[in-house]
Amino acid sequence: MRPNSVAHRVGDYIRTAYDESYRILEDCPEDEGVNICLGRVEKRLGAPNANVTAPWWFRTLVRDSSRRGHALHGTWHELMSLEPLLRMCVIEKIGIKHWRQVFCELNTGDSECPPSKSNYPKQKISPPRAVFLRDPLERFLSGYLDKCESSHRAEGHCEPAEIFLAPSPPNNTPDVRLTAGLNVDPRARFAAYVDAMPLRWNLHFFPQSLYCGGLSRTLGSYDFVGIMNENFYGELDAFGTKFGKKLTQALENTFSVRSKLNMTNYGLETSAPAHVSDYYSGQTVMRVLRYTSIDYITLNLTVPKWALDMLEQEGW
């Protein structure tokens, strides 16, 4: 990497963003659950005369990830099968609905079952563990397209709702919504979301590092780590090969792996990689890199070429 290349400067930027925010999580004991650690950090940041500085968006992330029910720490993020013996960490916007179908088939023979039926009780023997990760920039855009730009808006995940889910005004009345005037420009709508989203973090946008007890700490112990990227179907093929015929068949039934092995993956639902230039700008790329710096640092993910090219073209 050239010392003054865009990739080098972006790497320094991500490291600085991490040091200014997520590094404080390293102070928690290694054997402490991430939810307890987040609660501890929230108290530390809110203590009177606390000699700790942190950006506002990180303070709200800690607040929302440690207080708001069990969304980030919900049991549905870990699925388990007995044949093959396997436990899988599944994350919003990385095919979670499809993974549920796979594990339903493994456990019941039917791809349609309630979430609780796809999650067997923990066994005395610690099973092999697997997880699929995704580029954070593309995952963030996928969440936005799915929860803010589609019919799924009705689910209420495009938060803060006071800003992004305000009802449309009646006919012939002024539009006083905070997003009025942004409808004609998708980049402007997305930029507004990127700026305001941390006022209330939604479970579809938390960094991947915080799921399943804290992947930032445990990823090295996983037996299979796949990536949802352009070679996703090749990754699925390798996943099936590692854990046997029954998983291979369940993956085939859900993802049609064999017929897509030589195809480029553009996303399962939103085709986010195909829309990056429609929504992202250099400014929003840099902002989302800050929010997700922990993923690039602790999960060893790399910034995609399209983002580096965009930054270079815009003179960053």
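Residues numbered from 1 in each chain as written. Predicted model: local features only at pLDDT ≥ 70, side-chain atom pairs only at ≥ 80, totals over all residues. Heavy atoms only, no water.

Q: Honestly, the pattern of salt bridges in this entry has me stumped. Any pointers?
A: Side chains carrying opposite charge are able to pair once their charged atoms draw close together. Overall, the coordinates contain 17 salt bridges when judged by the stated rule. In this structure, the salt-bridge partner of Glu162 is Arg200, at a minimum N-O distance of 2.7 Å. Note that Glu162 is positioned in helix H6 (residues 161-164) and Arg200 in the loop between helix H7 (186-196) and helix H8 (215-218), a separation of 38 residues in sequence. Overall, the relative accessible area of 25% leaves Arg200 in the partly exposed class. Several salt bridges converge on common partners, so that one network encompasses Arg15, Asp19, Arg23 and Glu26. (Salt bridge = Lys/Arg side-chain N within 4 Å of Asp/Glu carboxyl O. Helix = DSSP H or I, 4+ residues; strand = E, 2+ residues; numbered from the N terminus. Buried < 20%, exposed > 50% of the residue type's maximum accessible area, 1.4 Å probe, protein only.)

Q: Would you explain the state of the cysteines in this entry?
A: The bond known as a disulfide is covalent and runs between the sulfur atoms of two cysteines. All told, the structure shown has 3 disulfides when counted by the stated rule. Cys28 shares a disulfide with Cys37; S-S distance 2.2 Å. Taking the sign of the torsion about the S-S bond as the criterion, the disulfide between Cys28 and Cys37, at about 80°, is right-handed. Each of the two residues, Cys28 as well as Cys37, counts as buried. Disulfide pairing places Cys89 opposite Cys212 at an S-S distance of 2.1 Å. (Disulfide = S-S within 2.5 Å.)

Q: Quick question: what am I supposed to make of the sheet that holds strand E3 (residues 129-134) here?
A: Picture the strands of a sheet paired through backbone hydrogen bonds; they go either parallel or antiparallel. Strand order in the open sheet made by the 4 strands is E1-E2-E3-E4, with mixed pairing throughout. Among the strands making up the open sheet, the edge pair consists of strand E1 (78-82) and strand E4 (224-228). Strand-to-strand twist across the sheet, computed as the mean angle between neighbouring axes with direction ignored, equals 20°. Helix H4 (residues 96-108) rests against E1, strand E2 (85-89) and E3 of the sheet, and its axis sits at about 25° to E1. (Pairing = 2+ DSSP bridges. Axes fitted to C-alpha atoms, helices over the stretch in contact; angles between N-to-C directions. Contact = heavy atoms within 4.5 Å.)

Keep in mind these numbers describe shape, not what the thing actually does.
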